[in-house]
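Report on the structure
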Amino acid sequence: MRLSISHDTTYHYEDQVRTSIQYLRMTPHDSERQQVLSWQLSLPRPVRAQVDPYGNILHVLTLDEPHESIVIGARGQVEIDEAREAEHESQSALPFLRFTRLTEADEALREFAKLESRSRPDRSGLIDLMHALNAHIRYVPGTTAVETSAAEAFAGGKGVCQDHAHAFLACARSLGVPARYVSGYLFTDSEDHLASHAWAEAWLDGAWYSFDVTNCLAKPERHLKLAVGLDYLDACPVRGMRRGGGIEQMHAQVEVAPMIRVQQQ
Amino acid sequence: MARTFYDEMYDASGAVRPHYQAFARWLADTPDELLAQRRREADLLFHRAGITFTLYGDDQGTERLIPFDIIPRSIPASEWRMVERGCIQRVQALNMFLADLYHDQRIIKAGIIPAEQVLANEGYQIAMQGLNLHRDLYAHIAGVDLVRDGDGSYYVLEDNLRTPSGVSYMLEDRKMMMRLFPELFAAQRVAPIDHYPNLLLDTLKSSSPLDNPNVVVLTPGRFNSAYFEHAFLAREMGVELVEGADLFVRDDKLFMRTTSGAKQVDVVYRRLDDAFLDPLAFNPDSMLGVPGLLACYRSGNVVLANAIGTGVADDKSIYPYVDDMIRFYLSEEPILKNVPTFQCRKPAELSHVLANLEQLVVKETQGSGGYGMLVGPAATKAEIEDFRARLIARPEAYIAQPTLCLSTCPTFVERGIAPRHIDLRPFVLSGKETRIVPGGLTRVALREGSLVVNSSQGGGTKDTWVVED
């Protein structure tokens, strides 16, 4: 399937921002499952692309002229091989066994992981775990924030895709399975889920398998991968800092569409 | 339990060792009142110079003077040459280990170190994978902690490859001794150490491919326990002392704000932990680092000394493998001994440790500063039981070692002169070549019988002499 993506992010600031810097992971790269046909990132000034520690394409945008808004646009087309379930990689997956603040497995998560997977650190065990997490953490936007940890979301029983992914990572790692966070786009027909999405991958039998807790999907379908990392902080599309600016208003508009529909318009 | 300690000054029969004889004569000839007066003078001078450290775990954040003892720790030159060769060998192997770990991982493929133990280790930095560093150097500045067992043989207690501190005390202790007792240095040849700041600057400059790189010292700020040392080293080297807020990144280059505009920075001697270096890549709450620094570092536009990710090599769970690293990378036999170490993550070794807690020293694999540690022979029953519970809950977080006797050195205490336990931290500099100034920092446990020499735990320091024998 060929997906067409258009993603515009606009930041408006109450006051003038003196300087700002952003790490942007908004450019997909080729893999076994996806082929990038075209991709264009429009930024306030030209920036050289580099590869970050996880192999993601990173743009570091530094602005040192005063500004009141930042507009970032990403557009492109990507061919997805829907038949492919898992992706191979030459780098060792072992670094993805470690916990981070956001993915720390407390006693409750460890117990839950053991119980729901019935201590099977394999694909069927993790699929059962995924279903159980989906039932335990209900999808309720606005109940958690970017700094909410897996343990906090699990205890609260509510969250969004980021919390689902973190809770899954905490559980998988506690079972001794390397697992990583994935940030990307999802083409969806329904209205309740944003097209920007997060899910998890677990390292089983020498390949990365997808687990989308929010949609109870153990097989990626219309998922386009942008970046991976130990948790949200490593893989999120935008991570930035600024001097000045006061209150920030962010507006994002994402459209993911199969190519055929774009051509009909 | 009868224990024999190796005393640095006196042999087993009570006779003064040859390399201490000149000092012993001087000590016998110097009136007690004069010594007492000089000791008060030393305290005053240290106070005035502001040589203090902040004690952690103290609610007031009290600044304390690190007690300075006027009886030096003296090492015969022939013995020092062995220690020097041993430290250099060790640090070379550790740097080669780091370069290997972040590239081909030959030592893992050879089955010498289990992959999971290094790759899943918190000190292992994914950000360093495949990154090429100038001269393949990771730990430009290393502190190797040495102790001596009952028979006087040297053991490495730990390698400090992140941001080892204490070198300012080494230098200030010498200055103080020369000022208070110049006659001692006229009576015998003590190897000089005052060229350390020059060697450090030379090492930092040679870590960059540029001819004359701009070097800065990055400090977490004046609330850090070692702030005095950061300021001291910057001043001695004649380079800028900066905090994160003085630096900024633009287009993958690092700049320093100056009164005459932005100036590019090429080498950062950073005294800030990995987690705080770049809030956009590591701990997002860090106000101490520089946003964008990691991307700039990975682009090869700035050198960090020490490199990111050296912590995986000085982790106590990796320590047991250093002897094998020396054999693997250098095809040499280790010159300095490693303390036999039980790895609690191995069930058989854990049960041995649990059965012998009273005799062992238990340490956290990630700990430093002597905070998370049990000294079995000196611990109460409650402390031992507390550690037993911790070990059972998280065995992989601990190692255990037999209690070493630790050598003693005569030290001024309230009731006169008495033996107190000491260690030694030589500072190893790796640049174009690997070098050490003679001696290092000697720390002394001032409490009678105590084996913990950390300044945060009530330890003091002594001047360290290497003398011709």
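What you see is a predicted model, and the numbers here were worked out from it, not measured in a lab. (Residues numbered from 1 in each chain as written. Chains lettered and ligands numbered in written order. Predicted model: local features only at pLDDT ≥ 70, side-chain atom pairs only at ≥ 80, totals over all residues.)

Once that is clear, we can look at the overall build of chain A. Within chain A one finds six helices and 14 strands. Taken against the 2.2 N^0.38 rule, which gives 18 Å for 265 residues, the C-alpha radius of gyration of chain A at 18 Å falls within 12% of a compact globule. Projecting the C-alpha coordinates of chain A onto the three principal axes gives extents of approximately 55 × 40 × 35 Å. With 265 residues in all, chain A has 44% of them scored as buried. Considering only contacts within chain A whose residues lie at least 6 apart along the sequence, 74% involve residues at least 24 apart. (Helix = DSSP H or I, 4+ residues; strand = E, 2+ residues; numbered from the N terminus. Rg over C-alpha atoms; globule rule 2.2 N^0.38 Å. Buried ≥ 20, exposed ≤ 12 C-beta atoms within 10 Å, placed from the backbone. Contact = placed C-beta atoms within 7 Å.)

What chain B contains, in helices and strands, is 14 helices and 23 strands. Compactness check: chain B gives a C-alpha radius of gyration of 22 Å against a globular reference of 23 Å for 469 residues, within 12% of the reference. The dimensions of chain B, computed from C-alpha atoms along their principal axes, are 65 × 60 × 50 Å.

All names here are of chain B. Read across the sheet, four strands follow the order β7-β6-β11-β12 without closing on themselves; strand pairing throughout is parallel. The outermost strands of the open sheet, each flanked by one partner alone, are β7 (240-242) and β12 (303-305). The average angle at which neighbouring strand axes cross in this sheet is 30°, direction not considered. Strand direction decides the pairing type here: strand β11 (residues 267-270) and β12, joined by three bridges, are parallel. Opposite Tyr 269, over in β12, you have Ala 305 as the bridge partner. Of the strands in this sheet, β6 (215-218) and β7 are in contact with helix α9 (residues 227-237), which crosses β7 at around 155°. (Pairing = 2+ DSSP bridges. Axes fitted to C-alpha atoms, helices over the stretch in contact; angles between N-to-C directions.)

Quick look at the interface of chain A and chain B now. Taken together, the contacts link 17 residues of chain A with 20 residues of chain B. The biggest single contributor to the side of chain A that touches chain B is strand β4 (residues 57-63) of chain A, with three residues. Tallied by class, residues from the side of chain A that touches chain B come to 11 nonpolar, three polar and three charged. (Nonpolar A, V, L, I, M, F, W, Y, C, P; charged D, E, K, R; others polar.)

Looking now at the packing of helix α1 (residues 107-116) of chain A against helix α4 (residues 161-174) of chain A. Residue and element names in this part refer to chain A. Running from N to C, α1 and α4 cross one another at 70°; their axes reach a closest spacing of 9 Å. On the basis of the axis angle, α1 is roughly perpendicular to α4. In contact with Leu 109, Arg 110, Phe 112 and Ala 113 of α1, α4 contributes Ala 167, Ala 170, Cys 171 and Ser 174. In terms of residue class, the contact of α1 with α4 is made up of six nonpolar, one polar and one charged. (Parallel < 35°, antiparallel > 145°, perpendicular 65-115°, else oblique.)

Here we take up the sheet that holds strand β12 (residues 223-229) of chain A. Residues and elements named next belong to chain A. One open sheet accounts for five strands, arranged β6-β11-β10-β9-β12; its pairing is antiparallel. The outermost strands of the open sheet, each flanked by one partner alone, are β6 (86-87) and β12. With two bridges joining them, β6 and strand β11 (residues 207-211) adopt antiparallel strand pairing. Across the sheet, residue Glu 87 finds its bridge partner in β11, namely Trp 208. Lying on the sheet, α4 is in contact with β9 (179-186), β10 (196-204) and β11; it crosses β10 at an angle near 10°.

Residues and elements named next belong to chain A. Within the fold, Thr 103 resides in the loop between β6 and α1. Considering only alpha carbons, one finds Thr 103 and Ala 151, 48 residues apart in sequence, at a separation of 7.5 Å. The contacts of Thr 103, once residues within four sequence positions are left out, are Ala 150, His 166, Leu 169, Ala 170, Arg 173 and Asp 231.

To continue, consider the domain arrangement of chain B. Here chain B is partitioned into domain 1 (195-305) and domain 2 (340-403). With centres defined by C-alpha atoms, the gap from domain 1 of chain B to domain 2 of chain B works out at 37 Å. (Domains from an automatic or database assignment.)

Residue and element names in this part refer to chain B. Within the secondary structure, Gly 376 is located in the loop between β16 (373-375) and α14 (381-393). For the pair Gly 376 and Phe 387, spaced 11 residues apart in sequence, the C-alpha to C-alpha distance is 9.8 Å. If sequence neighbours within four positions are ignored, Gly 376 has contacts with Leu 357, Glu 358, Gln 359, Leu 360, Val 361, Ile 384 and Thr 403.

Residue and element names in this part refer to chain A. As for its position among the elements, Leu 224 is in strand β12. Through-space distance from the C-alpha of Leu 224 to that of Ala 207 is 17 Å; in sequence the pair is 17 residues apart. Ignoring anything within four residues of it in the chain, the contact list for Leu 224 reads Leu 3, Ile 5, Pro 28, Gln 34, Val 78, Ile 80, Gly 184 and Tyr 185.

For the rest of this paragraph, the subject is the nonpolar core. If you look at the biggest cluster of nonpolar residues, it comprises 185 residues, and the most contacted ones within it are Leu 109, Ala 167, Phe 168, Cys 171, Tyr 181 and Ala 200 of chain A together with Leu 94 of chain B. Looking at this core, the element that brings in the most residues is helix α3 (residues 77-101) of chain B, giving 10 residues. When neighbours within four sequence positions are excluded, Tyr 181 of chain A is seen to be in contact with Ala 165, Leu 169, Ala 198, Ala 200, Val 228, Gly 229, Leu 230, Asp 231, Tyr 232, Asp 234 and Ala 235 of chain A. Listed in part, the 11 residues of the second largest apolar core include Cys 344, Leu 360, Leu 374 and Ile 399 of chain B. (Core = buried A, V, L, I, M, F, W, Y, C linked by C-beta atoms within 7 Å.)

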